[in-house]
Amino acid sequence: MLSASTIWIAFGVYMVFLLGVAVFVTQKEKRQKVGGSLLTASVPWPVLVMTYIASLMSTWVFFAGPGAYYRGGLGYWISELSYIALFPIIAHFTMNKVWIVNKQRKGAFTTPADFYYDRFKSPVLRTILGIIFLAASFPYISSVLVAIAQAAQYATDGAINYRMAVIVVGLIMTVFVCVGGVKSAAMADTVQGLLFILMLWVIVIACLIVGFGGSLNLALDNLWEHTQSFFSYPGPSGWTPYAGRFGYPFSCAIGWTIMLPHVFVRSGYFGDNLKAQRKLSFLTPVLQAVVWTGTMMIGLIGLALVNNLAASESELIIPYMIKNFVLNFNPVLAKVLMVGFFVGASAVGLSTANAFLSVSSAIVSSDLIKNTFHINVPKSKETLVNRIIIAVLGLGSLLLAIDPPDLIFTLIMFSIAIVMPLFPILVAGLYWKKATKQAAIVSAIVGTVLVLLTYFVWNIGGTWYGAIGMLGSTITMVVVSLFTKQPESDAAPFYEALESGMKRYYVVKDKKSAKAAAKAGE
């Protein structure tokens, strides 16, 4: 439909914008003589909210999400809306406290394992967590490369080779993170987030007009007549049984929005004050609802137009509708939408990949090289070493993306599942002074093994995801803590920091001091 040159020009223009942001932020920090590394950031609430949303959404918005609604139906959308309402609660009782401890530590944390180590004082636990978080990173980064390459191949009717697209996009993505680091990615995400949300709804409205004259009622009537299963469990493809309705919300509410390494550091470390944390908690569900409703509408319209797509084809429902319906309606509009789809998919995908690469680099350099193998990198060489690590991780994800599974959804959900067992350790560390490092180590191992068994032995990973692993981790954490002991002095500094931080930011005498505390970033 589009020429290869059109796609590459569009991608090139977009990457020039990203690299421009990276150079601008880097030069600005040099002028201001800002210290630090590529891996840390402290940002105001508008940037925090948008970098969190952009990093969270990934290829789900234009690929896995619409395909999931096409297969799962309206019940799938209701499930999405039910779990996002939990985010403010979970964030308040966990990530806001993580943020407080990090502030008390002068913003010293760069990886999720830094927080766990501060509580449990276990080098072994730090190493195990670093490996698990890395295991979550590679599939997720690869899913981005797979999605963008598939979009390029589909949009050009095969004129762009899939593997060549993976290689080109993967290399450019890696270069961007190496040049700019976390702050430039966060600034770019502010624009990217608005871009992909706008493009998503433009596609929704255009396809509804082309397919049903702009009438949502006609689309619903068509579904009711030909595919009533859209309105009930287990969905049009029998894809969402009740086990999935239990496992999936747990996975997303905890694994996806909290425990993936790139969102953990954003929701726990990046906010420059308590106001930013609160804005993140309450604006995130609103923006998620806007996005998920858009992706559901695409699945709905696509299913109303054609109801016999295979599972892997359903993840390409947006370009399918553009090619097979919009093109006949208006060729110019079709080309504009296809370019917009590709750029939007690239924007939301690369924002996530950038975030993952940055935090994965920190995991390797801090958790493994520095604290596991005790290799001290000179301060002057830290940035260079981090860039080398980013390059290696980017190339590793690129190799995984060359021969992916059928569904992008599979890569994403495995990444989410593998980190879920770490959530009970987080909660126990925050609220239970008798929780021990021995329990945390065993809990992380048992939970991870259960997730792997769920996927690769019992073959129920497509319905239970990480829920069984998290249950096993919770039980193990409690039982082993009851039968082991750890010196109270190990955790005492952690709880002192948490308690003094709570008093500093939450316990205030009057409205004026409350407002000052909320704005304080120190």
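A brief look at the structure comes next. (Residues numbered from 1 in each chain as written. Predicted model: local features only at pLDDT ≥ 70, side-chain atom pairs only at ≥ 80, totals over all residues. Heavy atoms only, no water.)

This paragraph deals with the pattern of salt bridges. Counted under the stated rule, the structure contains 5 salt bridges. Notably, a salt bridge pairs D114 with R126, separated by 2.7 Å at the nearest N-O pair. Of this pair, D114 sits in helix α6 (residues 112-120) while R126 sits in helix α7 (residues 123-155), and the two are 12 residues apart along the sequence. Judged on exposure class, the residue D114 and its partner R126 are both buried. Salt bridges sharing common partners tie together D114, R126 and D367. (Salt bridge = Lys/Arg side-chain N within 4 Å of Asp/Glu carboxyl O. Helix = DSSP H or I, 4+ residues; strand = E, 2+ residues; numbered from the N terminus. Buried < 20%, exposed > 50% of the residue type's maximum accessible area, 1.4 Å probe, protein only.)

Next up on the list: helix α19 (residues 437-456). Compared with the 28 Å implied by 1.5 Å per residue over 20 residues, the 29 Å span of α19 between its first and last C-alpha is a close match. Within α19, the full set of buried residues consists of A439, A440, I441, S443, A444, G447, T448, L450, V451, T454 and Y455. Those residues of α19 that are buried lie in contact with α6, α7, α17 (408-419), α18 (423-431), α20 (461-464) and α21 (467-483). (Expected span 1.5 Å × (residues − 1). Contact = heavy atoms within 4.5 Å.)

A word on the environment of L19. Relative to the assigned elements, L19 resides in helix α1 (residues 4-31). Along the primary structure L19 and I172 are separated by 153 residues, whereas in three dimensions their C-alpha atoms are 9.6 Å apart.

This part takes up unusual backbone geometry. A positive phi angle, close to 65°, is found at K106, a residue other than glycine. Judged by relative accessible area, K106 falls into the exposed class, the value being 77%. Backbone geometry at D157 places phi at a positive 55°, although glycine is not the residue there. The residue D157 is located in the loop between α7 and α8 (162-212) in this model.

With that out of the way, let us pick up the environment of S415. As for its position among the elements, S415 is in helix α17. Leave out the neighbours within four places in its chain, and S415 touches A136, P139, Y140 and L260. A polar contact is formed between the side chain of S415 and the backbone nitrogen of Y140, at a distance of 3.4 Å. (Polar contact = N/O pair within 3.5 Å; in protein donor to acceptor, adjacent residues only side chain to side chain.)

For the coordinates displayed, the defined rule picks out 22 aromatic pairs. Taking 6.0 Å as the distance between ring centres and 85° as the angle between the ring planes, the aromatic pair formed by F264 and Y269 counts as edge-to-face. A residue is classified by how much of its surface remains accessible, and F264, at 0% relative accessible area, is buried. Residue class for Y269 comes out buried when judged on its relative accessible area of 5%. Among the aromatic residues, ring-to-ring pairing joins F109, F115, Y116, F264, Y269, F494 and Y495 into one connected group. Geometry around F120 places R119 over its ring, the cationic atom sitting 4.5 Å from the centre. Over the ring of Y495 we find K433, and its NZ or CZ is 5.3 Å from the ring centre. (Phe/Tyr/Trp six-rings, centres within 6.5 Å; stacked < 30°, edge-to-face > 60°. Lys NZ or Arg CZ within 6 Å of the ring centre and 35° of its normal.)

Interhelical geometry of helix α15 (residues 331-370) versus helix α16 (residues 382-402) gives an angle of 115° and a closest axis separation of 9 Å. Relative to α16, α15 is oriented so that their crossing is right-handed. Contact residues: L357, S360, S361, V364, S365 and I369 in α15; N386, I389, I390, L393 and G394 in α16. Grouping the constituent residues of the contact of α15 with α16 by class yields 6 nonpolar, 5 polar and no charged. (Axes fitted to C-alpha atoms, helices over the stretch in contact; angles between N-to-C directions. Left-handed = near helix turned anticlockwise from the far one by under 90°. Nonpolar A, V, L, I, M, F, W, Y, C, P; charged D, E, K, R; others polar.)

For the rest of this paragraph, the subject is the nonpolar core. By size, the foremost hydrophobic cluster in this structure holds 171 residues, and its most contacted members are F62, F196, W256, M259 and L426. Among the elements that make up this core, the one with the highest residue count is α8 (20 residues). Look past the residues within four positions of L426 in its chain and what remains in contact with it is T94, M95, V98, F115, Y116, M259 and F264. (Core = buried A, V, L, I, M, F, W, Y, C linked by side-chain atoms within 4.5 Å.)

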